[in-house]
Amino acid sequence: MAQRRNQQDSLRFSCSICLDLLKDPVTVPCGHSYCMNCIKSFWDDEEDRKGIHSCPQCRSTFTPRPVLVKQILLAELVEDLKKTGLQAAPADHCYAGPEDVACDVCTDRKLKALKSCMQCLASYCEKHLQPHYDAATFKKHKLVEPSKNLQENICSRHGEVMKIFCRTDQQSVCHLCTMEEHKGHETVSAAAERAEKQKELQVTRLQLQQGIQDAEKDVKLLQQQVEALTLSADKTVEDSEKIFTELICLFQKRSSDVKQRVRSQQETEVSRVKECQEKLEQRITEMKRKNAELEQLSHTEDHNHFLHNYHSLSALSESTHSSSINIHPLRSFEDVTAAVSELRDKLQDILSETWTNISLTEVDVLLSEPEPKTRAGFSKYSCELTLDPNTAHAKLLLSEGNRKVTLLKNKQSPPNHLERFTGWSQVLSRQSLTGRCYWEVEWRGRRGVGISVAYKNISRAEGFGLNDKSWSLYCFADSYAFYHNKRRTKVSGPPSSRVGVYLDHRAGFLSFYSITETTTLLHRVQTTFTERLYAGLEPFRSGDTAELCNVID
């Protein structure tokens, strides 16, 4: 009872601002008391923020700011109570809440525990912890941060503190357990096991820290990649818009030029035609007049008059038969229309090829995905390819929408073109290959076919695989061989009339697969591709064919 009364007195004589016993107590007009310095500081802050003065407890406001006078009687009363052992009441934040570890010794309202003792298996506030610092009996006890799990250190069977670790069963046990169900097991002290695990934990933490550093470097690198990618994309969009704007202006100018030339020629020709038309109309008028005179002469009965005028009239009429006007068949401006149409068709072809190249362009920031293991996995990278007639050797016949090539016995007479192969019966695809691509080739014939990839600028007089700008798999009825830069590599694998080709341009992988009931790797190349690649085909003997096929039939 005395302790509770003492606590109540401490609450009554404590300052609600600093939560300590009153120092130089003053009373504000509403009747509440505070330390003089505490209420002054409180009102100074209020003046800075709001310019008003209020009681921190009841929020009564005062105008003007009250003059504070020390309460002598209250100060003497506090001093007298101090002499009797009265101490300031603990602040509310010192009491244990639902989430806090409470002192196991406090009998009334429990204070927060400052430490937990692993020997006593109890938690103590600052006051009740003091004996562990002062008494020699407690100085060997191990103090830890307050814990709610102290009872987990008690053996549920024997009620003893579990200070031993059984490595055989990987669990904490007490001394009695080692003599019963854990007898003969490998046991060590919990402290020794903790020290061992602590070493392992440190190694794990070092690995995690290294992993964190590596990941942070990767994050930074990726951020730089994103920034670079964004700058590149922005510049590309800006440059593309500028180029397309220039193209639009160029087409508009050409359109205006054609329009102006047609209109100018129209005006010139119409003027000439109208001039001829006027001359003809004048001639018609003259001929009509002469015709009337001749008709009148034909009706005269005076023979002498008829003969006298006939010579002059007949001579005049003969001049009307001569004409200097030559009217050509009307062609109008069909030639101009045809020329513009031809230009449109050529531009469409160029744009179609260029647009395909743009569409195939990939920008990879992350590392390439692993190469697929199944045909279904490859199919998501399948690309639609066609053969470029401008590159086909004169002995090659393209068909099936430029997807199939056949080697003929004799040369054809195709138009001359700088892109056309001349030394070997080869052809390149119209579309370029970038990023990850997959396509399949079906071949038929007595000899075989070369399935290749090559740079666009490969010499038109050289064969696939016989230089450093092409890679070629030679497929025969019962064998394979790979060629690059004139070096031959023997390739083993199941014979097949269908071959799959997988390209990861960025990673530098090129793989050839035999396609039967299963997909079997024949040969893989890892290098660095410095330019866009194009698919190539080369039938070996007349009658042999090769066709770019749909991946999934």
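Note that residues are indexed from 1 along each chain, following the sequence as it is written. Only residues with pLDDT of at least 70 are given local features in this predicted model, and only at 80 or more are side-chain atom pairs given and counted; all residues enter the totals for whole chains, interfaces and linings. Hydrogen atoms and water are omitted, and side-chain values are computed over all heavy atoms in the structure.

The protein has the name Tripartite motif-containing protein 16-like in an unreviewed UniProt entry, where Parambassis ranga is given as its organism.

Some remarks on the pattern of salt bridges
The condition that has to hold: Salt bridge, as applied in this entry: a Lys or Arg side-chain nitrogen positioned within 4 Å of an Asp or Glu carboxyl oxygen. Helix and strand definitions follow DSSP, with helices as H or I runs of at least four residues and strands as E runs of at least two, each counted in order from the N terminus. Only protein chains enter the calculation, and the probe is 1.4 Å; a residue is then buried if its accessible area is under 20% of its type maximum, exposed if over 50%, and partly exposed in between.
The final tally for this structure, using the stated rule, is 26 salt bridges. When the shortest N-O distance is used, the salt bridge between E193 and R167 registers 2.7 Å. Of the two residues, E193 sits in helix 5 (residues 190-298) while R167 sits in the loop between strand 6 (164-166) and strand 7 (171-173), which places them 26 residues apart along the sequence. Classification of E193 by relative accessible area gives buried; the value is 6%. According to the relative accessible area criterion, R167 is partly exposed, its value standing at 27%.

Some words on the sheet that holds strand 10 (residues 404-407)
Our working definition: For two strands to be treated as a pair, DSSP must find no fewer than two bridges joining them. Only the contacting stretch of a helix is used when fitting its axis, a line to C-alpha atoms as for every element, and angles between N-to-C directions run 0 to 180 degrees.
Read from one edge to the other, the open sheet built from 7 strands follows the order 9-10-21-12-17-18-19, with strand pairing classed as antiparallel. Of all the strands in the sheet, just strand 9 (396-399) and strand 19 (519-526) have a single pairing partner and so form its edges. The average angle at which neighbouring strand axes cross in this sheet is 20°, direction not considered. With 7 bridges connecting them, strand 18 (residues 509-515) and strand 19 associate as antiparallel partners.

Quick notes on unusual backbone geometry
The peptide bond linking T63 to P64 adopts the cis configuration, its omega dihedral lying at -5°. Mapping P64 onto the fold places it in the loop between helix 2 (36-49) and helix 3 (72-83). With a phi close to 65°, N402 is a non-glycine residue in the positive phi region. Mapped onto the secondary structure, N402 falls in the loop between strand 9 and strand 10.

Remarks on a nonpolar patch on the surface
Selection rule: Patches were defined on residues exceeding 30% relative accessible area and lacking a salt bridge, with like-charge contacts within 9 Å and nonpolar side-chain contacts (Val, Leu, Ile, Met, Phe, Trp, Tyr) within 5 Å. The Shrake-Rupley method, run with a 1.4 Å probe, gives the accessible areas here. Residue values count only the displayed protein chains as cover.
A cluster of nonpolar residues, I243, F244, L247, L250 and F251, forms a patch on the protein surface that exposes about 450 Å² of accessible area. Among the secondary structure elements, F244 is positioned in helix 5.

Description of the packing of aromatic side chains
To keep it simple, the criterion reads: Two aromatic rings, drawn from Phe, Tyr or Trp (for Trp, its six-membered ring), form a pair once their centres lie within 6.5 Å of each other, and the interplanar angle then sorts them: stacked below 30 degrees, edge-to-face above 60, tilted otherwise.
In this structure the tally under the stated criterion is 13 aromatic pairs. Relative to Y438, the ring of F378 lies with its centre 4.8 Å away and its plane at 15°, an arrangement referred to as stacked. Residue F378 is found in helix 8 (residues 375-379), and its partner Y438 is found in strand 12 (residues 436-444); the two are separated by 60 residues along the sequence. In this structure, F378 and Y438 share a single accessibility class: buried. Aromatic side chains F482 and F512 sit 6.1 Å apart centroid to centroid with 55° between the ring planes, which places their arrangement in the tilted category. Residue F482 is found in strand 15 (residues 480-484), and its partner F512 is found in strand 18; the two are separated by 30 residues along the sequence.

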